Amino acid sequence: MTTPNFVILYVDSPERSVPVYASLPGREPVESSPTSAMFVLDKGVKLGLWSRHTVEPAAAAAGGGGELVLALDNALAVDATHSDWAGRGLKILQAPTDMDFGRTFVALDPDGHRLRVYWPNEAMGQ
């Protein structure tokens, strides 16, 4: 299997979602229109936002069926990101907590997509 390098999330309004996602990786989209937007992240990975009203073929899926996961450098960064996102008005589903894989929290974007932030514990190879 080849390595996936492009994730597309179906959103209600790319124009509404772009500011949320621009703040996550700290980058502006390289392409943006009323129906879609694309971010280029580290190592060439791409994140697309596509209007669920115009995607072809039509998609029945809605947000919340999976997670976009962002790994950070340490536990303090997880807590700081939580504070930042909560201050930006993102809904927090899980406050920062220590789990068997490391320190983590979960937020929702405007369309209900789950955004997990974590720092792996030493048992995970950090």
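Only a predicted model underlies this, so the values are computations on that prediction, with no experimental measurement involved. (Residues numbered from 1 in each chain as written. Predicted model: local features only at pLDDT ≥ 70, side-chain atom pairs only at ≥ 80, totals over all residues. Heavy atoms only, no water.)

Participant: I tried to follow the layout of surface pockets on my own but got confused; where do I start?
Facilitator: One water molecule sets the probe size; rolling that probe over the atoms shows where empty space is left. By volume, the largest pocket is sized at about 530 Å³. In this structure, the largest pocket is lined by 22 residues; those nearest its centre are P25, L41, D42, V69 and L70. Broken down by secondary-structure element, the contributors of at least two residues to the lining of the largest pocket are α1 (14-23), β4 (46-51), β5 (67-71) and α2 (75-87). For the lining of the largest pocket, the leading source of residues is β5, giving four residues. (1 Å grid on protein atoms, 1.4 Å probe; cavity = no way out; pocket = protein on both sides within 12 Å on 5 of 7 lines; lining within 4 Å. Points joined across faces, edges and corners; volume = space filled by probe spheres on them. Helix = DSSP H or I, 4+ residues; strand = E, 2+ residues; numbered from the N terminus.)

Participant: Before we go on, may I ask you to explain the side chain of R103 in this structure?
Facilitator: With respect to the helices and strands, R103 occurs in strand β7 (residues 102-108). At 2.9 Å, the side chain of R103 and the side chain of D79 are in polar contact. Each residue touching R103, except ones within four places of it in the same chain, is listed here: A75, V78, D79, P96, T97, D98, V117, Y118 and W119. (Polar contact = N/O pair within 3.5 Å; in protein donor to acceptor, adjacent residues only side chain to side chain. Contact = heavy atoms within 4.5 Å.)

Participant: Would you mind showing me how to read the sheet that holds strand β1 (residues 6-11) here?
Facilitator: Whenever strands of a sheet pair, they do so through backbone hydrogen bonds, lying parallel or antiparallel. The mixed open sheet is built from four strands, whose spatial order is β1-β4-β3-β2. Looking at the sheet topology across the chains shown, the edges are occupied by β1 and β2 (31-32). With two bridges connecting them, β2 and strand β3 (residues 36-40) associate as antiparallel partners. Considered in β3, the bridge of S32 is made with A37. The strands that α1 touches are β1, β2, β3 and β4; relative to β4, the one it contacts most, it runs at about 155 degrees. (Pairing = 2+ DSSP bridges. Axes fitted to C-alpha atoms, helices over the stretch in contact; angles between N-to-C directions.)

Participant: It is not clear to me how the nonpolar core should be interpreted in this structure. Could you clarify?
Facilitator: Generally speaking, nonpolar side chains in soluble globular proteins are found buried as a group. Y21, F39, L49, W85, L90, F105 and L115 are the most contacted members of the largest nonpolar core, which totals 19 residues. Within the residue set of this core, elements represented by two or more residues are β1, α1, β3, β4, α2, β7 and β8 (114-120). Element by element, the count of residues in this core is highest for α1, at four residues. Setting aside residues up to four positions removed in sequence, Y21 forms contacts with L9, F39, L47, L49, L68, D109, H113 and L115. (Core = buried A, V, L, I, M, F, W, Y, C linked by side-chain atoms within 4.5 Å. Buried < 20%, exposed > 50% of the residue type's maximum accessible area, 1.4 Å probe, protein only.)

Participant: Even after reading the chapter, I still don't get the pairing of β8, so can you show me in this structure?
Facilitator: Taken residue by residue, a regular strand's side chains alternate between the two faces of the sheet. Counted residue by residue, β8 has five buried out of seven residues, so it is predominantly covered. Across five bridges, β5 lies against β8 in parallel orientation. Following the sheet pairing, L70 is matched in β8 by V117. The pairing of β7 with β8 spans seven bridges and is antiparallel. Following the sheet pairing, R103 is matched in β8 by W119.

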